[in-house]
Amino acid sequence: MSRSPLADGNAHARTAPRRPRHLRGRWLGAALLAAPALAVPASIPTTAPMLVTASVVRGCIVSGAPQQTANLPFGRIDFGTHPAVGAASITALAGGGGLQARIECTPGTQASISANAGLHAQGTQRRLSNNAGQFIPYALALAGAATAPLPPNTVVDLPLGATATALPIVGTASLPGSGLAAGLYTDTVQVTLTW
(Lines give C-alpha, C1' and ligand atoms only; values in the text may rest on other atoms or scores of the structure.)
Protein backbone atom coordinates (compact mmCIF):
# COMPACT_ATOMS: atom_id res chain seq x y z
CA MET A 1 0.00 0.00 0.00
CA SER A 2 1.43 3.24 -0.93
CA ARG A 3 1.55 6.13 1.44
CA SER A 4 0.02 9.41 0.65
CA PRO A 5 2.48 12.24 0.83
CA LEU A 6 0.03 14.14 3.03
CA ALA A 7 -0.25 11.37 5.51
CA ASP A 8 3.31 11.76 6.50
CA GLY A 9 4.14 15.01 8.31
CA ASN A 10 7.61 15.17 6.79
CA ALA A 11 6.40 14.61 3.30
CA HIS A 12 5.94 18.36 2.72
CA ALA A 13 9.45 19.02 3.70
CA ARG A 14 10.80 16.35 1.50
CA THR A 15 8.72 17.37 -1.44
CA ALA A 16 9.42 21.16 -1.23
CA PRO A 17 11.69 22.26 -4.00
CA ARG A 18 15.26 22.88 -2.86
CA ARG A 19 17.40 25.74 -4.10
CA PRO A 20 20.41 24.76 -6.02
CA ARG A 21 23.64 25.03 -4.04
CA HIS A 22 25.14 27.76 -6.20
CA LEU A 23 22.21 30.13 -5.34
CA ARG A 24 22.29 29.66 -1.55
CA GLY A 25 25.25 32.05 -0.94
CA ARG A 26 23.75 34.83 -3.08
CA TRP A 27 20.73 35.19 -0.86
CA LEU A 28 23.01 35.69 2.12
CA GLY A 29 25.08 38.35 0.28
CA ALA A 30 21.92 40.16 -0.82
CA ALA A 31 20.65 40.13 2.74
CA LEU A 32 23.90 41.65 4.03
CA LEU A 33 23.82 44.38 1.40
CA ALA A 34 20.27 45.29 2.33
CA ALA A 35 21.17 45.63 6.05
CA PRO A 36 21.75 49.23 7.28
CA ALA A 37 25.46 50.24 7.33
CA LEU A 38 27.21 50.76 10.66
CA ALA A 39 27.52 54.47 11.67
CA VAL A 40 31.00 55.79 10.75
CA PRO A 41 31.95 59.32 11.93
CA ALA A 42 31.99 61.76 9.03
CA SER A 43 35.16 63.78 8.35
CA ILE A 44 33.97 67.39 8.57
CA PRO A 45 36.70 70.08 8.20
CA THR A 46 36.52 72.71 10.94
CA THR A 47 38.25 76.03 10.32
CA ALA A 48 38.62 79.12 12.46
CA PRO A 49 41.02 82.08 12.44
CA MET A 50 43.86 82.21 15.00
CA LEU A 51 45.20 85.61 16.06
CA VAL A 52 49.00 85.85 16.13
CA THR A 53 50.59 89.06 17.47
CA ALA A 54 53.93 90.53 18.51
CA SER A 55 54.56 93.85 20.21
CA VAL A 56 57.76 95.78 19.51
CA VAL A 57 58.51 98.59 21.95
CA ARG A 58 60.63 101.55 21.14
CA GLY A 59 64.11 101.58 22.56
CA CYS A 60 67.83 101.67 21.99
CA ILE A 61 70.76 99.34 22.52
CA VAL A 62 74.38 100.17 23.12
CA SER A 63 76.59 97.78 21.16
CA GLY A 64 79.83 96.71 22.75
CA ALA A 65 78.44 97.20 26.27
CA PRO A 66 76.42 94.19 27.49
CA GLN A 67 75.57 95.80 30.85
CA GLN A 68 73.94 98.74 29.00
CA THR A 69 73.83 101.04 32.04
CA ALA A 70 77.32 101.87 33.34
CA ASN A 71 80.92 102.24 32.17
CA LEU A 72 79.88 102.64 28.56
CA PRO A 73 82.85 103.42 26.26
CA PHE A 74 81.46 106.57 24.62
CA GLY A 75 84.94 107.54 23.44
CA ARG A 76 87.15 110.52 24.15
CA ILE A 77 87.85 113.95 22.76
CA ASP A 78 91.52 114.57 22.06
CA PHE A 79 92.47 118.15 21.21
CA GLY A 80 96.01 117.09 20.29
CA THR A 81 99.38 118.69 21.11
CA HIS A 82 99.92 122.47 20.86
CA PRO A 83 102.62 125.04 21.80
CA ALA A 84 102.15 126.85 25.13
CA VAL A 85 102.11 130.20 23.36
CA GLY A 86 99.58 129.17 20.71
CA ALA A 87 96.29 131.01 20.69
CA ALA A 88 93.63 129.07 18.85
CA SER A 89 90.20 127.55 18.90
CA ILE A 90 90.57 123.80 18.40
CA THR A 91 87.71 121.46 17.48
CA ALA A 92 87.75 117.69 17.83
CA LEU A 93 85.11 115.00 17.42
CA ALA A 94 84.65 112.27 20.02
CA GLY A 95 86.43 109.14 18.90
CA GLY A 96 87.78 105.91 20.19
CA GLY A 97 88.27 103.67 17.20
CA GLY A 98 86.72 100.22 17.37
CA LEU A 99 86.31 100.49 21.15
CA GLN A 100 83.81 103.33 21.00
CA ALA A 101 80.25 102.26 21.86
CA ARG A 102 77.61 102.61 19.19
CA ILE A 103 73.94 103.26 19.80
CA GLU A 104 71.13 101.80 17.69
CA CYS A 105 67.45 102.67 18.18
CA THR A 106 64.16 101.45 16.77
CA PRO A 107 62.79 103.91 14.19
CA GLY A 108 60.79 106.69 15.78
CA THR A 109 62.51 106.44 19.16
CA GLN A 110 63.14 109.81 20.77
CA ALA A 111 66.55 109.67 22.45
CA SER A 112 68.14 112.43 24.46
CA ILE A 113 71.53 113.18 25.94
CA SER A 114 72.92 115.27 28.76
CA ALA A 115 76.44 115.85 30.10
CA ASN A 116 77.48 117.31 33.42
CA ALA A 117 79.92 120.19 33.83
CA GLY A 118 82.93 117.95 34.40
CA LEU A 119 85.41 117.91 37.29
CA HIS A 120 86.93 121.39 36.87
CA ALA A 121 84.05 123.64 35.77
CA GLN A 122 83.72 127.26 36.78
CA GLY A 123 79.99 127.92 36.77
CA THR A 124 78.77 126.51 33.47
CA GLN A 125 82.20 126.74 31.82
CA ARG A 126 83.81 123.34 31.38
CA ARG A 127 87.58 123.39 31.79
CA LEU A 128 90.55 121.10 31.22
CA SER A 129 92.99 121.11 34.13
CA ASN A 130 96.67 120.25 34.59
CA ASN A 131 95.90 119.54 38.27
CA ALA A 132 98.27 122.39 39.18
CA GLY A 133 95.80 125.25 39.07
CA GLN A 134 95.85 126.01 35.35
CA PHE A 135 92.88 125.53 33.00
CA ILE A 136 91.84 125.52 29.34
CA PRO A 137 88.16 126.36 28.75
CA TYR A 138 86.18 124.17 26.35
CA ALA A 139 82.61 123.54 25.21
CA LEU A 140 80.71 120.48 23.98
CA ALA A 141 78.08 120.28 21.26
CA LEU A 142 76.22 117.69 19.21
CA ALA A 143 77.69 117.44 15.73
CA GLY A 144 75.41 117.11 12.74
CA ALA A 145 73.69 119.15 10.06
CA ALA A 146 73.10 121.83 12.68
CA THR A 147 75.58 121.80 15.57
CA ALA A 148 73.63 122.04 18.83
CA PRO A 149 75.32 123.22 22.04
CA LEU A 150 75.42 120.74 24.90
CA PRO A 151 75.37 122.95 28.01
CA PRO A 152 76.10 121.32 31.36
CA ASN A 153 73.23 119.31 32.84
CA THR A 154 70.83 120.18 30.02
CA VAL A 155 68.86 117.46 28.25
CA VAL A 156 69.14 117.76 24.47
CA ASP A 157 67.36 115.70 21.80
CA LEU A 158 69.68 113.22 20.14
CA PRO A 159 68.84 112.17 16.58
CA LEU A 160 69.56 108.45 16.35
CA GLY A 161 68.22 105.86 13.98
CA ALA A 162 68.30 102.18 13.09
CA THR A 163 71.97 102.36 12.08
CA ALA A 164 74.47 101.87 14.91
CA THR A 165 76.10 105.26 15.47
CA ALA A 166 78.77 106.61 17.80
CA LEU A 167 77.76 109.59 19.93
CA PRO A 168 78.17 112.64 17.68
CA ILE A 169 79.80 114.88 20.30
CA VAL A 170 82.26 117.57 19.28
CA GLY A 171 84.43 119.63 21.59
CA THR A 172 85.93 123.07 21.09
CA ALA A 173 88.85 124.22 23.28
CA SER A 174 90.15 127.77 23.48
CA LEU A 175 93.92 128.09 23.92
CA PRO A 176 94.80 131.44 25.59
CA GLY A 177 98.15 131.94 23.85
CA SER A 178 100.25 132.55 26.95
CA GLY A 179 100.62 131.67 30.59
CA LEU A 180 99.99 127.94 30.29
CA ALA A 181 102.47 125.53 31.83
CA ALA A 182 103.49 122.58 29.73
CA GLY A 183 101.80 119.31 30.58
CA LEU A 184 98.65 117.24 30.09
CA TYR A 185 95.29 118.95 30.65
CA THR A 186 92.30 116.67 31.22
CA ASP A 187 88.69 116.58 32.35
CA THR A 188 86.06 113.88 32.79
CA VAL A 189 82.45 114.49 31.85
CA GLN A 190 79.57 112.23 32.84
CA VAL A 191 77.34 111.59 29.81
CA THR A 192 73.77 110.31 30.26
CA LEU A 193 71.83 108.82 27.36
CA THR A 194 68.07 108.30 27.77
CA TRP A 195 65.21 107.10 25.59
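Residues numbered from 1 in each chain as written. Predicted model: local features only at pLDDT ≥ 70, side-chain atom pairs only at ≥ 80, totals over all residues. Heavy atoms only, no water.

Asker: So what's going on with the overall build of the protein chain? Residues and values would help.
Answerer: What the protein chain contains, in helices and strands, is two helices and 11 strands. Counting helices and strands in the order they occur from the N terminus, the protein chain gives α-α-β-β-β-β-β-β-β-β-β-β-β. Residue pairs in contact within the protein chain that sit at least 24 positions apart in sequence constitute 77% of those at least 6 positions apart. Summed over its atoms, the accessible surface of the protein chain is roughly 14,000 Å², and 59% of this surface lies on carbon and sulfur atoms. (Helix = DSSP H or I, 4+ residues; strand = E, 2+ residues; numbered from the N terminus. Contact = heavy atoms within 4.5 Å. Areas by Shrake-Rupley, 256 points an atom, 1.4 Å probe, with all protein chains shown as cover.)

Asker: Which residues make up the nonpolar core, and what values do they have?
Answerer: Counting 30 residues, the largest nonpolar core has Ile103, Ile113, Leu158, Leu167 and Ile169 as the members making the most contacts within it. Contributions of two or more residues to this core are made by β1 (60–63), β2 (87–93), β3 (102–105), β4 (111–115), β6 (135–142), β8 (156–158), β10 (169–176) and β11 (191–194). Broken down by element, this core gets its largest block of residues, four residues, from β6. The contact partners of Leu158, leaving out residues within four places of it in the chain, are Gln110, Ala111, Ser112, Ile113, Leu142, Leu167, Pro168 and Leu193. (Core = buried A, V, L, I, M, F, W, Y, C linked by side-chain atoms within 4.5 Å. Buried < 20%, exposed > 50% of the residue type's maximum accessible area, 1.4 Å probe, protein only.)

Asker: Residues and numbers for unusual backbone geometry, please.
Answerer: In this model, Asn131 sits at a positive phi of 60°, which is unusual for a non-glycine residue. Note on Asn131: relative accessible area 63%, which makes it exposed. Even without being a glycine, Asn153 presents a positive backbone phi close to 60°. With respect to the helices, strands and loops of the structure, Asn153 is situated in the loop between β7 (148–149) and β8.

Asker: Quick one: what's the story with the environment of Leu160, residue by residue and with numbers?
Answerer: Within the element layout of this structure, Leu160 appears in the loop between β8 and β9 (165–166). The sequence separation of Leu160 and Ala111 amounts to 49 residues, and the corresponding C-alpha distance is 6.9 Å. Those residues within four positions of Leu160 in sequence are excluded, and the remaining contacts are Ile103, Cys105, Ala111 and Thr165.

Asker: Which residues make up the environment of Leu150, and what are the values?
Answerer: Topologically, Leu150 is positioned in the loop between β7 and β8. Between the C-alpha atom of Leu150 and that of Asn116, which follows or precedes it by 34 residues, the distance is 9.4 Å. Here Leu150 is in contact with Ile113, Ser114, Ala115, Arg126, Leu140, Ala141, Val156 and Ile169, once residues within four sequence places are set aside.

Asker: So what's going on with the sheet that holds β1? Which residues, and what values?
Answerer: Here three strands make up an open sheet; going across it, the order is β1-β3-β9 and the pairing antiparallel. The sheet is open, and its two borders are formed by β1 and β9, each paired with just one other strand. (Pairing = 2+ DSSP bridges.)

Asker: Explain the pairing of β3 residue by residue, including any values.
Answerer: Only one face of β3 is buried, namely the one carrying Ile103 and Cys105, since none of Arg102 and Glu104 on the opposite face is buried. Bridge analysis of β3 against β9 gives two bridges, and the strand direction is antiparallel. Bridging from a neighbouring strand, Ile103 pairs with Thr165 of β9.

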